[in-house]
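Chains, contacts and geometry: an overview
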Amino acid sequence: MTVMGNKEQEVQATSGEALAMVEDTTQMLMPFDEHLIERARSQWQFGDWGTLTDIPFEIIQHHPDRATLALFVAAGHLQSGNVHEAQQLLRLATRWGASKASLARILIAGVHNSLGRASALSGQQIRMLKHFESSLGVGTPGTDIRLLTKARQNEQLLQINAGVDSLLAEPVGVPEGYSVQNTRQKTAACSYCMRVTFRRENVPSTSLGFNSNKPEWVMAQSMLLEYKTENNAPLYMVSNEGGNFEKPPAEPQLILNPDTAYILSGVIEQQGSSKPVVWSFQYAGGKRAESHNITVNNGRFRLAFRTLPNLEAMAIGIRLAGEGHIDLQKTVFTLKEQNNEELIAYFEEKINKLEDANKRSVENSMRQLEACIRLQHYLGDDTILPDMHKWPISPDFGVLLINLIEQNGYDGIIEFGSGTSSLIVAKALERAARRPDSKPVTLLTFDHLEEYAGKTSKLITQSGLETYATVALAPLQAWQASNGEQFSYYACSEAIRQYRQEMGGNACKILVIVDGPPSTTGKHARYPAMQQVLDACNGKDEVAFLMDDYLRKEEQEIVMRWIGLLDEKNIKYEKIEFNNLEKKACLLRLNFGKAEK
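All figures in this text were calculated on a predicted structure; none of them were measured in a lab.

Once that is clear, we can look at the overall build of the chain. In terms of regular secondary structure, the chain is built from 17 helices and 22 strands. For the chain, the residues scored as buried account for 45% of the 597 residues in total. By sequence separation, contacts in the chain at least 24 residues apart represent 71% of the contacts at least 6 residues apart. As presented, the chain carries roughly 31,100 Å² of accessible surface, and 51% of it is formed by carbon and sulfur atoms.

Here is the structure:
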């Protein structure tokens, strides 16, 4: 329940009596200024808000065109920050016959004027003029916008230079008697398992309490929060009573102005298996209405958001996962309102990042297009390259395959995961076989799905390359690593042994392309490839493992595990990364003699 002081009660009573008087009594016939409405329109067009707001209510009430006059005066109050007076006049204008279209025009025009003033404050001349033009065009259509814009600009700049800073509306719903500090921060009388330092502008530092949605996963101490989640499931610490971000806090610790831009930043001193994610939760209508989040990098974060116009409550959350701890003594949250310059800088940064990303995307598209043209030229007119956006490899990876095969004379090529790459490899082997003193080499490629194995076989047959590729259907089956770890991998062991025997007993040079199975089949799904091949080879073979999709963290981890396996077996290797490719790739050369080029 909101308790009002006597002054506020008196103001509301007076406003209520005025409204009742207007609704329930007959308008009295009184003398009026017949030029007032035109002066008010001119004052609105010039942006002379002070003169507009000086027009007494009695004059407005008894004017023959009181609806229009009330709209102009309401606009003046809005631009002056007098929200209560503006709301009363807008309601009266509606009751006096102002159309919804007229009401919308005056409000939209006011928004453009405020944006024009904000642009002026930040030195954006062109943007300022556009907003002033839009304000005049919307509010009083059919007028000479060019001349009026100059007058509006001059008047607004005079007001700004004179220190008139009334662009933002007053906070809504703050009971009289509360200090500014109290409206900025309120500490709820609730028990929280974790508290961190919380700072706001012009307010002494305080603490912000958090509770967990899974208290059994948390062990809280005075300066340390330890956590361990089941199966890396997410754990939320939320600044409300129950730790449930779906429900608004019963006793909010944070009171924010509605429709206002804020920056939430700070430091989370955390050690753990995954990075924390900071959330802002906004509530309206008794439920979560909007949320924003950002991942903490190097212990720091900066989250920009805007509160809802109908904001009822606000909470902050921290999402954790796995196992770790937070040093509460070194963890600090800071919340402040964004000024115009900060807003502009923030969005300019976002725009620059988008432009950079778009530029990189265009450059990559050009590289892939060039690689695609090179591939089609290499394959010839009798072989049609499939749509490579729907198949696993990128065109630049296909060019890499051709270069490796053309320059290194492999005795055998094994591929895990068939597709477009199988066609490219088969064509490269066919062209290599045309050379004098060369021996034919056949690709052995595996796929665990009959549908895709069939598509690859058809593709190779249509291109007349079936002599240079064997597509083997190899369903996934259980496979156990030397450390007991279980995987689902291709049923390929016997086929690889037979393939290696057909090469003969001498040391052979073999390329292994690892592009399957999909990561959805399990963690580190492609790890068994190396052991499967090494089990079929002799100690003198020069084997090169080419990992596609090296851009992904999981593929990088698999390569590191392979290196660990090679170190255990005391096998020499060389690692080459192709970071210029769209999805990146990595080559591990084992027992290498004559180096690959």
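Now that the structure has been shown, we can carry on.
Looking at the chain as a whole, the pLDDT averages 82, with 82% of positions reaching at least 70. Counting interchain partners and residues more than four positions distant, the pLDDT-below-50 stretch residues 1-29 has 26 contacts.

Phe416, Phe446, Met530 and Trp562 are the most contacted members of the largest nonpolar core, which has 40 residues in total. Top contributing element to this core by residue count: helix α17 (residues 553-569), with 6 residues. When sequence neighbours within four positions are dropped, the list of residues in contact with phenylalanine 416 reads Phe446, Tyr489, Tyr490, Cys492, Ile496, Val512, Ile513, Val514, Asp515, Gly516, Ala529 and Val533.

Here we come to the pattern of salt bridges. By the definition in use, this model includes 17 salt bridges. Across the pair arginine 434 and glutamate 430 runs a salt bridge whose closest N-O atoms are separated by 3.0 Å. Taking relative accessible area as the criterion, arginine 434 reaches 56% and is therefore assigned exposed. Taking the relative accessible area as the measure of exposure, glutamate 430 reaches 15% and is therefore buried. Its salt-bridge partner being glutamate 485, residue arginine 561 comes within 2.6 Å of it at the nearest N-O pair.

Moving on, we get to the sheet that holds strand β7 (residues 270-272). Hydrogen bonds between backbone groups are what pair the strands of a sheet, and the pairing can be parallel or antiparallel. With antiparallel pairing, 4 strands are arranged side by side in an open sheet as β3-β4-β12-β7. Looking at which strands have only one partner, the edges of the open sheet turn out to be β3 (218-220) and β7. Going across the sheet, the axis of each strand differs from the next one's by a mean of 10°, ignoring polarity. Where strand β4 (residues 224-228) and strand β12 (residues 323-327) come together, 5 bridges link them in antiparallel fashion. Its bridge partner lying in β12, tyrosine 227 is registered against glycine 324.

For any two helices packed against each other, one specifies the inter-axial angle together with the distance between the axes. The N-to-C vectors of helix α16 (residues 528-536) and α17 enclose an angle of 35°; their axes lie 9 Å apart at closest approach. Handedness of the crossing formed by α16 with α17: right-handed. Packed against α16, whose contacting residues are Ala529, Met530, Gln531 and Leu534, the element α17 presents Trp562, Leu565, Leu566 and Lys569 at the interface. A breakdown of the residues in the contact of α16 with α17 according to their chemical character gives 6 nonpolar, 1 polar and 1 charged.

Our focus in this paragraph is the side chain of glutamine 282. Tracing the sequence through the fold places glutamine 282 in strand β8 (residues 277-284). Assessed through its relative accessible area of 0%, glutamine 282 is described here as buried. Engagement of the side chain of glutamine 282 in a polar contact is seen with the backbone nitrogen of leucine 308, the distance being 2.7 Å. Not counting residues up to four positions away in its chain, the partners in contact with glutamine 282 are Lys287, Arg288, Ala289, Glu290, His292, Phe305, Arg306, Thr307, Leu308, Leu311, Ala313 and Met314.

Our next topic: helix α2 (residues 36-46). Where α2 is concerned, the buried positions are Leu36, Ile37, Ala40, Gln43, Trp44 and Gln45. Residues of α2 that are buried sit in contact with α3 (49-53), α4 (57-61), α5 (66-79), α7 (100-121), α8 (125-139) and α9 (145-161). Trailing α2 by a residue or two, glycine 47 shows a phi angle of about 85°, which is positive.

Turning our eyes to something else, we now look at the sheet that holds strand β15 (residues 443-447). The sheet built from 7 strands is open, its strands ordered β16-β15-β14-β19-β20-β22-β21 with mixed pairing. Taken across any chain shown, the strands that pair with only one partner, and hence form the sheet edges, are β16 (469-473) and β21 (573-578). Direction aside, neighbouring strands of the sheet carry axes that sit 15° apart on average. Direction of pairing for strand β14 (residues 412-416) relative to β15: parallel, over a ladder of 4 bridges. Note that in β15 the partner of phenylalanine 416 across the bridge is phenylalanine 446. On the sheet, helix α12 (residues 395-408) packs against β14, β19 (509-514), β20 (542-548), β21 and β22 (585-590) and is oriented at approximately 170° with respect to β20. Against the sheet, helix α15 (residues 493-502) contacts β14, β15 and β19, and its axis sits at roughly 180° relative to β15.

Another aspect to go through is α9. Taking 1.5 Å as the rise per residue, α9 with 17 residues should run 24 Å; its terminal C-alpha atoms sit 24 Å apart, in good agreement. For α9, the full list of buried residues reads Leu148, Thr149, Arg152, Gln153, Gln156, Gln159 and Ile160. Buried residues of α9, viewed axially, fall in a sector of 140°; they line one side. Looking at α9, the residues exposed on the side facing more than 90 degrees away from the buried face are Leu147, Leu158 and Asn161. Of the surrounding secondary structure, the elements contacted by the buried residues of α9 are α2, α3, α7 and α8.

Cut-offs used in this document
Residues numbered from 1 in each chain as written. Predicted model: local features only at pLDDT ≥ 70, side-chain atom pairs only at ≥ 80, totals over all residues. Heavy atoms only, no water. Helix = DSSP H or I, 4+ residues; strand = E, 2+ residues; numbered from the N terminus. Buried < 20%, exposed > 50% of the residue type's maximum accessible area, 1.4 Å probe, protein only. Contact = heavy atoms within 4.5 Å. Areas by Shrake-Rupley, 256 points an atom, 1.4 Å probe, with all protein chains shown as cover. pLDDT = per-residue confidence, 0-100. Core = buried A, V, L, I, M, F, W, Y, C linked by side-chain atoms within 4.5 Å. Salt bridge = Lys/Arg side-chain N within 4 Å of Asp/Glu carboxyl O. Pairing = 2+ DSSP bridges. Axes fitted to C-alpha atoms, helices over the stretch in contact; angles between N-to-C directions. Left-handed = near helix turned anticlockwise from the far one by under 90°. Nonpolar A, V, L, I, M, F, W, Y, C, P; charged D, E, K, R; others polar. Polar contact = N/O pair within 3.5 Å; in protein donor to acceptor, adjacent residues only side chain to side chain. Expected span 1.5 Å × (residues − 1). Arc of directions from axis to C-beta.

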